[in-house]
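Chain by chain, the residues:
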Amino acid sequence: MTFTAADPVDLRSDTVTRPDDRMRAAMASAKVGDNVLEHDPTMRELEERVAELLGKPAALWTPSGTMANVIALSLHLQRGDRYLATDGAHVLTDEQGSGAWLAGGMPHALPWDAGPGRPSVATLTRAVEGAGDVPYYGLRTRLLCLENTHTNAGGAVVPPHEHAQLVAVAQEAGLAVHLDGARVWNASVALGVPPAALTVGTDTVTACLSKGLGAPVGSVVAGSEEFVKRARRMRQMLGGGVRQGGVLAAAALCALDNIDALAMDHANARRLATGLAELGWEVDEPQTNIVLARVSDVPNTMKVLTELGILALSGGGRIRFVTHRDVSESDIDTVLERLADASHRRVLHPPHTAQAG
């Protein structure tokens, strides 16, 4: 049995989704204005709705999550200030050092000693000790960056009570708190709580509209009205001031109606993980829509997956599969059937021989 690139199942990321017919119709009929000279009416509607969902007074649309995060970090930090983030956090590893390069911050990674993607209260307490009392030549710690879900920990969630404990430690030490909530919608669905329950105590939060929810473009950064006023200026400086942004905001408004549907993505991730384990793969149990599998020979496994028409990403000795709204339960079954056939034909060596890294 052979497969071709003509019938791939794309599990590289939940960013590969395409706008559905409802989104395209909304974009075509959106009421628009010049969002730089004035406030585009559809963009205003989106920002007000997102702010309410995230439990913040105001929100600002940005073209990307990277821009949203660097705006927040730039407004929280002065040059040379230290910011804390969990090891492997997106703001440390996947945004080309913009936290240091553009925001001028000195990053410091916190280990995962409370679970995947989560530092313990004790670790954070040690990291912020003396943060408000340093000599003039010392490094000032000003900001804690949390991430929920934690992408590089396999979409791991931070429960509300742990979030609250970490925020309390940071606030006691005089730190601001920023939440990178690119997939906070997934965390909300997985935990069965409103998104705002996962932003309590934070000064700012970002969230993505094109991951999982299916919008073609866009993220948001939310906080106080004063923060958003400053953020709008920063966005313009970075080249993010779009004109008739309502065309994109209309798609994002449709995307927000897809939050509850993320539960299907999570179910498909569990289905995939279970099937992989039955085939001998060493798989982490997914909490949301990201499945991580350890393999002994990453380059060869990726080569075979591509030949089988299974698109995935790799890193750190693991293969990453991400379920999303454009992948059905039937697609997951197709992936498992292809892998089973490849294993039977010995095209793909048993991956269970991999050593945990």
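Residues numbered from 1 in each chain as written. Predicted model: local features only at pLDDT ≥ 70, side-chain atom pairs only at ≥ 80, totals over all residues. Heavy atoms only, no water.

*Asks:* Quick question: what am I supposed to make of the overall build of the chain here?
*Replies:* Along the backbone of the chain there are 13 helices and 13 strands. A globule of 357 residues ought to have a C-alpha radius of gyration of about 21 Å, and the chain, at 21 Å, matches this closely. Its C-alpha atoms give the chain principal-axis dimensions of about 65 × 55 × 35 Å. Residues classed as buried in the chain amount to 54% of the 357 residues present. For the chain, the share of sequence-separated contacts (at least 6 apart) that also reach a separation of at least 24 residues comes to 76%. Of the roughly 15600 Å² of accessible surface on the chain, 52% is carried by carbon and sulfur atoms. Between the averaged position of the 32 positive side-chain charges in the chain and that of its 41 negative side-chain charges there is a distance of 4 Å. (Helix = DSSP H or I, 4+ residues; strand = E, 2+ residues; numbered from the N terminus. Rg over C-alpha atoms; globule rule 2.2 N^0.38 Å. Buried < 20%, exposed > 50% of the residue type's maximum accessible area, 1.4 Å probe, protein only. Contact = heavy atoms within 4.5 Å. Areas by Shrake-Rupley, 256 points an atom, 1.4 Å probe, with all protein chains shown as cover. Lys, Arg positive; Asp, Glu negative; His and termini not counted. Charge placed at Lys NZ, Arg CZ, Asp CG, Glu CD.)

*Asks:* What am I meant to see in the packing of aromatic side chains here?
*Replies:* The description of two aromatic rings rests on the distance between their centres and on the angle between their planes. Per the counting criterion, the structure on display carries two aromatic pairs. Where Tyr-136 meets Tyr-137, the ring centres are 5.3 Å apart and the plane angle is 85 degrees; that geometry is what we call edge-to-face. Tyr-137 matches Tyr-136 in its accessibility class, with the two residues each being exposed. Taking the centre distance of 6.2 Å and the plane angle of 70 degrees together, the rings of Trp-281 and Phe-321 count as edge-to-face. Here Trp-281 is found in the loop between helix H11 (262-278) and strand S9 (282-283), whereas its partner Phe-321 is found in strand S13 (residues 318-322), with 40 residues between them in sequence. A residue is classified by how much of its surface remains accessible, and Trp-281, at 6% relative accessible area, is buried. (Phe/Tyr/Trp six-rings, centres within 6.5 Å; stacked < 30°, edge-to-face > 60°.)

*Asks:* How should the pattern of salt bridges be read in this particular structure?
*Replies:* When charged atoms on two side chains of opposite charge get close, those side chains can pair. According to the stated counting rule, one finds 16 salt bridges in the structure shown. Of the charged contacts in the structure, one is a salt bridge between Asp-10 and Arg-12, with a shortest N-O distance of 2.6 Å. Judged by its relative accessible area of 34%, Arg-12 falls in the partly exposed class. Between Arg-142 and Asp-81 there is a salt bridge, and its shortest N-O distance comes to 3.8 Å. With Arg-142 in strand S5 (residues 141-147) and Asp-81 in the loop between helix H3 (65-76) and strand S3 (82-86), this residue pair connects regions lying 61 residues apart in the sequence. Each member of the salt-bridge network shares a partner with another, and the members are Arg-22, Arg-49 and Asp-257. (Salt bridge = Lys/Arg side-chain N within 4 Å of Asp/Glu carboxyl O.)

*Asks:* It is not clear to me how the sheet that holds S13 should be interpreted in this structure. Could you clarify?
*Replies:* Sheet strands pair via backbone hydrogen bonds, and the direction of the pair is either parallel or antiparallel. Strands sit in the order S9-S10-S13-S12 across an open sheet of four strands; the sheet is antiparallel. The outermost strands of the open sheet, each flanked by one partner alone, are S9 and strand S12 (313-315). Pairing between S12 and S13: three bridges, direction antiparallel. Pairing of Gly-315 across the sheet is with Arg-318, part of S13. In the packing of H11 onto the sheet, contacts are made with S9, strand S10 (290-294) and S13, and the angle to S10 comes to roughly 15 degrees. Against the sheet, helix H12 (residues 298-307) engages S12 and S13, with an angle of about 35 degrees to S13. (Pairing = 2+ DSSP bridges. Axes fitted to C-alpha atoms, helices over the stretch in contact; angles between N-to-C directions.)

*Asks:* Explanation requested: the packing of H11 against helix H13 (residues 329-344) in the structure shown.
*Replies:* Helix packing for two helices is described by the angle between their axes and how far apart those axes are. For the pair H11 and H13, the least separation of the axes is 10 Å and the interaxial angle reads 15 degrees. Taken together, the axes of H11 and H13 lie roughly parallel to each other. Remark: the crossing between H11 and H13 carries right-handed chirality. Where H11 abuts H13, its residues Asn-268, Arg-271, Leu-272, Gly-275 and Leu-276 lie against Glu-329, Ile-332, Asp-333, Val-335, Leu-336 and Leu-339. Considered class by class, the residues forming the contact of H11 with H13 number six nonpolar, two polar and three charged. (Parallel < 35°, antiparallel > 145°, perpendicular 65-115°, else oblique. Left-handed = near helix turned anticlockwise from the far one by under 90°. Nonpolar A, V, L, I, M, F, W, Y, C, P; charged D, E, K, R; others polar.)

*Asks:* What's the story with the sheet that holds strand S8 (residues 219-223) in this structure? I'm lost.
*Replies:* Taken in spatial order, the seven strands line up as S2-S8-S7-S6-S5-S3-S4 in an open sheet, and their pairing is mixed. Each edge of the open sheet is held by one strand with a lone partner, namely strand S2 (58-62) and strand S4 (106-110). Strand-to-strand, the axes of this sheet are offset by a mean angle of 20 degrees, without reference to chain direction. Strand direction decides the pairing type here: S5 and strand S6 (residues 176-181), joined by five bridges, are parallel. Note that in S6 the partner of Leu-146 across the bridge is Leu-179. Each of S3, S4 and S5 touches helix H6 (residues 121-128); the most contacted strand, S3, lies at about 170 degrees to it.

*Asks:* Where do I start with the environment of Lys-211 in this structure?
*Replies:* Take Lys-211: it is sitting in the loop between strand S7 (204-208) and S8. A relative accessible area of 17% means that Lys-211 is categorised as buried.

*Asks:* What is the right way to read the side chain of Arg-118 from this model?
*Replies:* Relative to the helices and strands, Arg-118 is located in the loop between S4 and H6. According to the relative accessible area criterion, Arg-118 is buried, its value standing at 13%. Only 2.7 Å separates the side chain of Arg-118 from the side chain of Glu-162, close enough to count as a polar contact. With near-sequence residues (within four places) excluded, Arg-118 lies in contact with Pro-111, Trp-112, Asp-113, Val-157, Val-158, Pro-159 and Glu-162. (Polar contact = N/O pair within 3.5 Å; in protein donor to acceptor, adjacent residues only side chain to side chain.)

*Asks:* Sorry if this is basic, but what is going on with the nonpolar core here?
*Replies:* Burial of nonpolar side chains together is a common tendency in soluble globular proteins. Core analysis: the largest hydrophobic core is formed by 49 residues, its most contacted members being Leu-46, Leu-54, Trp-185 and Leu-209. No other element matches the eight residues that helix H10 (residues 246-256) contributes to this core. Not counting residues within four places of it along the chain, the set of residues in contact with Trp-185 comprises Leu-53, Leu-54, Pro-195, Ala-207, Cys-208, Leu-209, Leu-213, Leu-256, Ile-259 and Leu-262. Counting 26 residues, the second largest nonpolar core, distinct from the first, contains Leu-276, Ile-310, Phe-321 and Ala-342. (Core = buried A, V, L, I, M, F, W, Y, C linked by side-chain atoms within 4.5 Å.)

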